[in-house]
Amino acid sequence: MNKNIARKSILLIEDEENIRSFISTTLKNQNYKITTAANGEEGLHLAASLCPELVLLDLGLPDMDGMNVIEKLRTWTAVPVIVISARSDEHEKARALDSGADDYITKPFSTVELLARIRTSLRHSSQMQDVSSIYQKPYHYKNLAISFENHVVTLGDEMIHLTQIEYKLLTLLAKNSGKVLTYTYIMEKIWGPYTDGNNQILRVNMANIRRKIEKNPAVPEYVFTEIGIGYRMAESD
Ligand code: CA
């Protein structure tokens, strides 16, 4: 770990003490600066006074619904929020993402998974603040490469021909690689705000993209389905 890099500060809002101390210890060991809150009110207060670089938020809090915490945070800050949820309810996770959460992690989770989600969210938020968001780096993972500048998608040596919609869809996922994007978010970005909420057109386009880029579309290497929620593209190198 590079000691010259300022330690990133993380606020953890979680009422269960054992989970709170497990996450705190894990993150301290990784050289993150961590502050904890046991309820939503305290969490919101600390977020405003400390301005952390990332918030880890449990959805089931004693004093308020985690969803309200996200909504309140989003009135004044774009700080990345990763939702920690015991709920296996996909609808709930999708709602948290659509309310402005950046990602979610389901209990029980591994340390490796937690750290990967944190790194991805921090990387995305720092990209939003510097020039790399204006000069988007090409996407590259395994054999797949996308040059946003030249509008070229290649798989190994082969150029992949995509329709305009397929290209828009794939690049939206690639520019957010490592992050889950909800069906609602994708539909709005690609087809505009007046879509009827039917995901069929999205599924059809995704199936076509997969036939073009995946060796085995049933076992994708590049674009993963988060069942009931949306899609996540493998993180770019
Ligand atoms: Ca809880």
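Residues numbered from 1 in each chain as written. Predicted model: local features only at pLDDT ≥ 70, side-chain atom pairs only at ≥ 80, totals over all residues. Heavy atoms only, no water.

(A) Broad picture of the coordination of the calcium ion. Looking at the calcium ion, one finds its protein donor set to be D15 (OD), D58 (OD) and G60 (O), positioned 2.2 to 2.4 Å from the metal centre. In the primary structure, the donors to the calcium ion are separated according to the pattern D-x42-D-x1-G. Here D58 lies in strand β3 (residues 54–58) and D15 lies in the loop between β1 (9–13) and α1 (17–29), a separation of 43 residues in the sequence. Take D15: its relative accessible area is 30%, and that puts it in the partly exposed class. Note on D58: relative accessible area 4%, which makes it buried. (Donors = N, O, S within 2.8 Å, 3.2 Å for Na, K, Ca; no water. Helix = DSSP H or I, 4+ residues; strand = E, 2+ residues; numbered from the N terminus. Buried < 20%, exposed > 50% of the residue type's maximum accessible area, 1.4 Å probe, protein only.)

(B) Examining the pattern of salt bridges more closely. Within this structure, the stated rule accounts for 14 salt bridges. Among the salt bridges present, the one from E235 reaches R123, with a minimum N-O distance of 1.9 Å. Here E235, found in the segment after β12 (230–233), pairs with R123, found in helix α5 (residues 111–129); they are 112 residues apart in sequence, far enough to count as distant. Each of the salt bridges in this network shares a partner with another, and the network as a whole consists of D103, E113, R117, E226 and R232. (Salt bridge = Lys/Arg side-chain N within 4 Å of Asp/Glu carboxyl O.)

(C) Geometry of helix α4 (residues 90–98). Residues E92, K93, A94, A96 and L97 constitute the buried set of α4. For α4, the secondary structure elements touched by its buried residues are α3 (66–74), β4 (81–85), β5 (103–106) and β10 (180–182). Sitting at the amino-terminal end of α4 is D89, which places a side-chain oxygen 3.0 Å from the backbone nitrogen of H91. Where α4 ends, the next residue or the one after it, G100, has phi of about 120 degrees, a positive value. (Contact = heavy atoms within 4.5 Å. Polar contact = N/O pair within 3.5 Å; in protein donor to acceptor, adjacent residues only side chain to side chain.)

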